[in-house]
Amino acid sequence: MARAKDLPEGSAGGDWGEAQRVRRSIASLVDQKAAANRLLTYALAAVVGLIALANIPRLQSSYPSGIDVEIPLRAAAHWASGAAVYPASAMQVQGGPELPYLYPPFLLPFLAQVTSFPHGTVINVWFCICILAATWTFRRLAIPWLAVPCLLAWPPTGEALVVGNIQILLFAAFVAVFYEPRAGVLRQRPLRRDRDLLNGVLAGFTVAIKVGNFPALIFLARRRFRAAFLAAAVFILIVLATLPLTGTAIYFDWLAQLQRASDPNWAPGGITLSHHIGVPDAVTVAIGIAAALLLRGPDSVAWLGIALILATPNAHGHTFLFMLPALLIIRRDIAIMIGALFLSFWTAPMWAAWGLAAVVLAASNRWPELRVSRLQDPIASGPRAGAGAEASA
């Protein structure tokens, strides 16, 4: 009997042999252990990384440089001069450094100490701090050095760096509490009693500065209530220590300003999904609380990041940094293509990326081949179950 490869082209046997070769080629492309898939993944990473780096001028032209440093500095100057810090009229501003200051009042006495320095110098120093913090965070997530420059230019990171948003430091604090690399492999960090104070302060920092990050502290409180209690104690002490300088009325002004900033019709309020689809913030906030209370298992922090993005009342591009742990769990080729959706700078692809990451992460429980293979590269999420899962949940 003639073998398929010896049969004339177009015969049934020849077509069957060709189909087998195509199936084997496709199988090697999707098999994470195969050389073809590794080459495909490296090629995708190179292309997407180079596009991200080439987009740096676009990042710089799309976002006003240092504006999120300039706004707090001006607010501190207003406070020091006795002017209103949270005026309702600021909500009429649609752009520029006169946008409303939305951070808590206890920061004002600290910010006032640097208002006398040239603002350009302060912005440059802050930029360097954010670069170092972002680099530390990526390495903490066991991301290879070669990929770090590309991730610094990735729009969620690049936007925060250009405008000087503190989200870089808040995400670093989030990662410091919940993740650590072990032998080059990403792991959820066990929440030990001897680290309650540090973990509590770091998680509390993410919430005290941006209230929308509240799921992180609830998640910690469910596992280590003592850590959350210590966090509350520390920040209450800071508020009380600064209260003679700020007064109490300014806190009511701040809460009123946050309420005004959550108006879906306020254009600078961000790209919050609930505002685009007409869902009340109370619904997404409830989802964030439920997720923080109910999540379990070795992927729980990745899901927490996904829920945090949804629950934040004023989401921006840099909020999607909290999606990065989920992308590091799913297989590299898919994760890179999802990450590439952010290169468009458009809102719809960003939320599409968020949804795809959630779907793939959920599906990976049924189909483990959707998860990164530890044989493919050293970045992995660790075992799906077993020792340590409960401690790091």
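Residues numbered from 1 in each chain as written. Predicted model: local features only at pLDDT ≥ 70, side-chain atom pairs only at ≥ 80, totals over all residues. Heavy atoms only, no water.

1. Brief notes about helix 11 (residues 214-223)
Along an α-helix, residues three or four positions apart point the same way, because every turn accommodates 3.6 residues.
Okay, so step 1: Three or more residues of helix 11 are buried, namely Phe 214, Pro 215, Ala 216, Phe 219, Leu 220 and Arg 223.
Okay, so step 2: In the core, the buried residues of helix 11 are packed alongside helix 9 (167-178), helix 10 (196-209), helix 12 (225-246), helix 15 (281-294) and helix 16 (300-311). (Buried < 20%, exposed > 50% of the residue type's maximum accessible area, 1.4 Å probe, protein only. Helix = DSSP H or I, 4+ residues; strand = E, 2+ residues; numbered from the N terminus. Contact = heavy atoms within 4.5 Å.)

2. Some thoughts on the packing of helix 9 against helix 10
Okay, so step 1: For the pair helix 9 and helix 10, interaxial distance at closest approach is 9 Å and the crossing angle is 150°. Taken together, the axes of helix 9 and helix 10 are roughly antiparallel relative to one another. Remark: the crossing between helix 9 and helix 10 carries left-handed chirality. Here Leu 169, Leu 170, Ala 173, Phe 174, Ala 176 and Val 177 of helix 9 come into contact with helix 10, specifically with Asn 199, Leu 202, Ala 203, Phe 205, Thr 206 and Ile 209. (Axes fitted to C-alpha atoms, helices over the stretch in contact; angles between N-to-C directions. Parallel < 35°, antiparallel > 145°, perpendicular 65-115°, else oblique. Left-handed = near helix turned anticlockwise from the far one by under 90°.)

3. Looking at the pattern of salt bridges
Okay, so step 1: This model, assessed by the stated rule, comprises eight salt bridges.
Okay, so step 2: Between Glu 70 and Arg 74 there is a salt bridge, and its shortest N-O distance comes to 2.9 Å. One end of the pair, Glu 70, and the other, Arg 74, are both in helix 4 (residues 67-80), four residues apart, so they sit about a helical turn from each other.
Okay, so step 3: Between Arg 371 and Asp 299 there is a salt bridge whose closest N-O contact spans 3.0 Å. One end of the pair, Arg 371, is in the loop between helix 19 (347-363) and helix 20 (389-392); the other, Asp 299, is in the loop between helix 15 and helix 16, with 72 residues separating them in the sequence.
Okay, so step 4: Among the charged side chains, a network of salt bridges with common partners joins Glu 70, Arg 74 and Glu 98. (Salt bridge = Lys/Arg side-chain N within 4 Å of Asp/Glu carboxyl O.)

4. Remarks on the nonpolar core
Within soluble globular proteins, side chains that are nonpolar generally end up buried alongside one another.
Okay, so step 1: The biggest cluster of nonpolar side chains holds 95 residues, and the ones touching the most others in it are Phe 178 and Met 323.
Okay, so step 2: By residue number, the principal contributor to this core is helix 19, which donates nine residues.
Okay, so step 3: Excluding residues that lie within four positions of it along the chain, Met 323 makes contacts with Ile 309, Ile 338, Phe 342, Ala 353, Trp 354 and Ala 357.
Okay, so step 4: Grouped together as the second largest cluster of nonpolar side chains are six residues, Leu 44, Val 48, Ala 153 and Ile 336 included. (Core = buried A, V, L, I, M, F, W, Y, C linked by side-chain atoms within 4.5 Å.)

5. Side note on the packing of helix 15 against helix 16
Okay, so step 1: Between helix 15 and helix 16, whose axes approach to 8 Å, the crossing angle comes to 160°. Between helix 15 and helix 16, the angle is such that the two are roughly antiparallel. Two packed elements cross with a definite hand, and for helix 15 against helix 16 that hand is left-handed. Between helix 15, through Thr 284, Val 285, Ile 287, Gly 288, Ala 291 and Ala 292, and helix 16, the contact on the second element is made entirely by Leu 304, Ala 307, Leu 310 and Ala 311.
Okay, so step 2: For the contact of helix 15 with helix 16, the class distribution of residues is eight nonpolar, two polar and no charged. (Nonpolar A, V, L, I, M, F, W, Y, C, P; charged D, E, K, R; others polar.)

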